[in-house]
Protein chains: 2
Amino acid sequence: MTTFLGDMLTITELAREAGVTARAIRFYESKGLLTPRRAGTTRIYTHRERGRLQLILRGKRLGFSLTDIGEYLDLYDADPTQHDQIVLLLDKVNNRIGELESQKADIDDTLKELSGVRAQALAAMDDESAQAAQF
Amino acid sequence: MTTFLGDMLTITELAREAGVTARAIRFYESKGLLTPRRAGTTRIYTHRERGRLQLILRGKRLGFSLTDIGEYLDLYDADPTQHDQIVLLLDKVNNRIGELESQKADIDDTLKELSGVRAQALAAMDDESAQAAQF
DNA sequence: AACTTAGTTGACGTTAACGTCAACTTTGTT
DNA sequence: AACAAAGTTGACGTTAACGTCAACTAAGTT
C-alpha cells in the first residue's frame with residue numbers, strides 16, 4: 001500500500017471521508033452519477049469525483065431524487081461550443097433556480113411558523129414561573 | 001347530496017383541492033398525520049385537516065419524510081400547561097430551525113453555483129454571436 | 001507458498017410512500 | 001324498488017435507494 005496515490009482515494013476511503021457507505025457510492029455509479037477511473041479492477045476516486053459526490057449529497061439533503069441530481073450534474077458538463085446545448089442548458093438552469101427559490105420560500109414560511117411556536121412556548125414558560133413566584 | 005356541508009369536504013373534494021389522490025390522504029391518516037371526523041363511515045374534512053394537509057405537502061416539498069412531518073405537526077399540539085412538554089417542545093423546535101437554516105444554506109450555495117453556470121452559458125452565447133458577426 | 005485484507009460483481013432483501021384492484025356498503029337518484 | 005355513484009377496508013404491486021450476503025479475485029504480508 002506504499003504506492004503513490006497523490007490525490008487519489010479508494011472507495012472505502014472516499015466513503016469514510018464523505019460519511020456514506022461504499023455500497024451507496026457504487027450505487028451512484030450504477031446510476032451514472034459517478035465515473036471513477038480504474039486501476040485494473042479497483043475504482044480510483046480523484047478530485048473530480050469527490051466534488052461530484054459532495055454535490056450528490058447536497059442534492060439529497062435538499063430532497064432531490066438521484067435522477068434530478070443526475071440532471072443537475074449534467075448542467076456542469078455541457079459543451080459551450082454547441083449552441084443548442086447551451087440554449088437547453090440555460091432553460092434547465094433557469095428552471096432549477098426557480099424550483100430552489102420556491103423551496104426557499106417554503107423554508108422561510110416554515111421558519112416563521114416555528115418562531116411563532118417558540119415564542120408561544122417561551123410565553124407559556126414565563127407564565128408558569130410567574131405563577132410559581134406567587135407563592 | 002344537498003346536505004349542508006359548510007366548511008366540510010369529502011375526501012375526493014379535498015384531494016382535488018390539494019392536488020393529491022384520495023389514496024394518499026388515507027395513507028397520511030394511517031400514519032396518524034390526519035384524523036378526520038366521520039359521518040357514519042365517511043370521512044369529513046374541515047378547516048383543521050385542510051391546514052394540516054398543506055403542512056404535510058409543504059414538508060414533502062422540502063424533502064422531509066412523513067415521520068419527520070408527523071413530529072413537526074406534533075409541535076403544534078403541545079399542551080402549554082405541561083412544563084416538561086414545553087421544554088421538550090422548545091428543544092425540538094430549535095433543532096428543526098437549525099435543520100431548516102442549514103438547508104437554506106445548501107440552497108444558497110446551489111443558487112450561487114447555478115448563477116455561475118448561467119453566466120458561463122450566456123458568455124458562451126455572446127462569443128458565438130461575436131464570432132458570427134465576423135463574417 | 002499460504003494468508004489475511006480490500007475490492008468486485010451479482011443477487012436478493014428492505015423500507016417508504018403510495019398505486020391499483022377487488023369486494024362491499026351507503027347514498028341519492030330514477 | 002332498482003341502480004349508478006362515491007366511499008370504505010383489505011391486500012397485493014411498484015419504485016427508489018440503498019443494505020446485506022455470497023462467492024471471487026487481486027494485492028500485499030509473513
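The sections below set out a description of the structure shown in this document. (Residues numbered from 1 in each chain as written. Chains lettered and ligands numbered in written order. Predicted model: local features only at pLDDT ≥ 70, side-chain atom pairs only at ≥ 80, totals over all residues. Heavy atoms only, no water.)

### Brief notes about the relation of the copies chain B and chain A
Here the two chain copies are tied together by a rotation about an axis and a shift along that axis. Of the transformation superimposing chain B on chain A, the axial component is 0.0 Å and the angular component is 180°, with the fit at an RMSD of 0.1 Å. Classification of the inter-copy transformation places it as that of a two-fold axis. Considering only C-alpha atoms, the residue of chain B closest to the rotation axis is Gly63 of chain B, which sits at 2.0 Å. Here 100% of the contact residues of chain B are again contact residues in chain A; the copies associate through an equivalent surface. (Least-squares fit on C-alpha atoms with pLDDT ≥ 70 in both. Contact = heavy atoms within 4.5 Å.)

### Some remarks on the protein's contact with DNA strand D
In the vicinity of DNA strand D lie 19 residues, with Thr21 and Lys60 of chain A together with Thr10, Thr12 and Arg43 of chain B positioned nearest. Looking at DNA strand D alone, sugar and phosphate atoms form 72% of those within 4 Å of the protein. Within the side chain of Arg23 of chain A, one N or O atom sits 2.9 Å away from a base oxygen of DNA strand D. Residue Tyr28 of chain A places a side-chain N or O atom 2.9 Å away from a phosphate oxygen belonging to DNA strand D. Among the secondary structure elements, those contributing two or more residues to the surface near DNA strand D are helix H2 (22–30) of chain A together with helix H1 (11–18), helix H2 (22–30) and strand E2 (42–44) of chain B. When residues of the surface near DNA strand D are assigned to their parent elements, the largest contribution, 4 residues, is made by H2 of chain A. Across the surface near DNA strand D, the residue classes tally to 6 nonpolar, 7 polar and 6 charged. (Near = heavy atom within 4 Å. Polar contact = N/O pair within 3.5 Å; in protein donor to acceptor, adjacent residues only side chain to side chain. Helix = DSSP H or I, 4+ residues; strand = E, 2+ residues; numbered from the N terminus. Nonpolar A, V, L, I, M, F, W, Y, C, P; charged D, E, K, R; others polar.)

### Description of the protein's contact with DNA strand C
Taken together, 19 residues lie near DNA strand C, and Thr10, Thr12 and Arg43 of chain A together with Thr21 and Lys60 of chain B sit nearest. The protein-proximal atoms of DNA strand C, defined as those within 4 Å of the protein, are 74% sugar or phosphate. In the environment of DNA strand C, a phosphate oxygen lies 2.7 Å from a nitrogen or oxygen atom belonging to the side chain of Thr21 of chain B. Note that a phosphate oxygen of DNA strand C is positioned 2.9 Å from one of the side-chain N or O atoms of Tyr28 of chain B. Within the residue set of the surface near DNA strand C, elements represented by two or more residues are helix H1 (11–18), H2 and strand E2 (42–44) of chain A together with H2 of chain B. Looking at the surface near DNA strand C, the element that brings in the most residues is H2 of chain B, giving 4 residues. For the surface near DNA strand C, the residue count by class is 6 nonpolar, 7 polar and 6 charged.

### Side note on a negative patch on the surface
Residues Asp126, Asp127 and Glu128 of chain A together with Asp84 of chain B make up a contiguous surface patch of negative charge. Among the elements that take part in the negative patch, helix H5 (residues 83–133) of chain A stands out by supplying 3 residues, more than any other. For Asp126 of chain A, the location among the structural elements is in helix H5. The class for Asp126 of chain A is exposed, based on a relative accessible area of 53%. (Patch = residues over 30% accessible without salt bridge, like charges linked within 9 Å, V, L, I, M, F, W, Y side chains within 5 Å. Areas by Shrake-Rupley, 256 points an atom, 1.4 Å probe, with all protein chains shown as cover. Salt bridge = Lys/Arg side-chain N within 4 Å of Asp/Glu carboxyl O. Lys, Arg positive; Asp, Glu negative; His and termini not counted. Charge placed at Lys NZ, Arg CZ, Asp CG, Glu CD. Buried < 20%, exposed > 50% of the residue type's maximum accessible area, 1.4 Å probe, protein only.)

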